[in-house]
Amino acid sequence: DRAISLGKLYDMHQHFEKSILARTMYFVASNIVKPVTKTTKMSFVEVVGPQKIDWFVSHFWGNTFKDFVLSLYNHAKMENQRKGVPWRDIAYWACT
């Protein structure tokens, strides 16, 4: 269980949106993920609560974090229509 639900990722983006703006995963990893995980020496997923992996995602860190989240959202909405699973519950493993 090493995935994060899209709901948690979406909420994280919403929470830090004013700091992230149009920045990339390089910014998110350095300025949000690493500080949040430093004291526990755990992965971000372990901090927020890991879930069973539904999908593996490979992505370019140079794209905006907002576009990354939006891409996953669009995929999850299709999965919701296809399988009836709530989009917030679909879990992704993505390297960060």
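To be clear, the structure that these remarks concern was listed above.
A quick note: this is a predicted structure, and the numbers were derived from the prediction, not measured.

1. Some thoughts on the packing of helix α1 (residues 6-20) against helix α4 (residues 65-83)
Across the interface, α1 lies against α4 with an axial gap of 10 Å and an inter-helix angle of 155°. Taken as axis vectors, α1 and α4 run roughly antiparallel relative to one another. Handedness of the α1/α4 crossing: left-handed. Between α1 and α4, the residues in contact are Leu6, Leu9, Tyr10, Met12, His13 and Ile20 and Phe65, Lys66, Phe68, Val69, Leu72, Tyr73 and Ala76, respectively. Taken together, the residues of the contact of α1 with α4 sort by class into eleven nonpolar, one polar and one charged.

2. Points about the sheet that holds strand β2 (residues 55-57)
With mixed pairing, three strands are arranged side by side in an open sheet as β1-β3-β2. The sheet terminates laterally at β1 (4-5) and β2, the two strands that pair on one side only. The sheet contact formed by β1 and strand β3 (residues 91-94) spans two bridges and is antiparallel. Note on β3: the bridge partner recorded for serine 5 is alanine 91. In this fold α4 packs onto β2 and β3, with an angle of close to 160° to the strand it touches most, β2.

3. Side note on the pattern of salt bridges
Within this structure, the stated rule accounts for four salt bridges. The partner of glutamate 79 in a salt bridge is arginine 82, and the shortest N-O contact between them spans 3.0 Å. Linking glutamate 79 with arginine 82, this pair stays in helix α4, spanning three residues, or about one helical turn. Judged by relative accessible area, which is 8%, glutamate 79 ranks as buried. Glutamate 79 is the partner of lysine 83 in a salt bridge, and the nearest nitrogen-oxygen pair spans 3.7 Å. Of this pair, lysine 83 and glutamate 79 are both found in helix α4, four residues apart, which corresponds to roughly one turn of the helix. A relative accessible area of 53% places lysine 83 in the exposed class.

4. Some words on α4
Over its 19 residues, α4 extends 26 Å from the first C-alpha to the last, a length consistent with the 27 Å expected when each residue adds 1.5 Å. Looking at the buried side of α4, the elements it contacts are α1, α2 (25-38), β2 and β3. Just beyond α4, the residue with positive phi is glycine 84, at close to 80°.

5. Focus: the nonpolar core
Residues Leu9, Val28, Phe65 and Phe68 are the most contacted members of the largest nonpolar core, which totals 20 residues. No other element matches α4, which puts five residues into this core. The residues contacting phenylalanine 65, other than those within four sequence positions of it, are Leu9, Met12, His13, Ile20, Arg23, Thr24, Met25 and Val28.

Rules of the game
- Residues numbered from 1 in each chain as written.
- Predicted model: local features only at pLDDT ≥ 70, side-chain atom pairs only at ≥ 80, totals over all residues.
- Heavy atoms only, no water.
- Axes fitted to C-alpha atoms, helices over the stretch in contact; angles between N-to-C directions.
- Helix = DSSP H or I, 4+ residues; strand = E, 2+ residues; numbered from the N terminus.
- Parallel < 35°, antiparallel > 145°, perpendicular 65-115°, else oblique.
- Left-handed = near helix turned anticlockwise from the far one by under 90°.
- Contact = heavy atoms within 4.5 Å.
- Nonpolar A, V, L, I, M, F, W, Y, C, P; charged D, E, K, R; others polar.
- Pairing = 2+ DSSP bridges.
- Salt bridge = Lys/Arg side-chain N within 4 Å of Asp/Glu carboxyl O.
- Buried < 20%, exposed > 50% of the residue type's maximum accessible area, 1.4 Å probe, protein only.
- Expected span 1.5 Å × (residues − 1).
- Core = buried A, V, L, I, M, F, W, Y, C linked by side-chain atoms within 4.5 Å.

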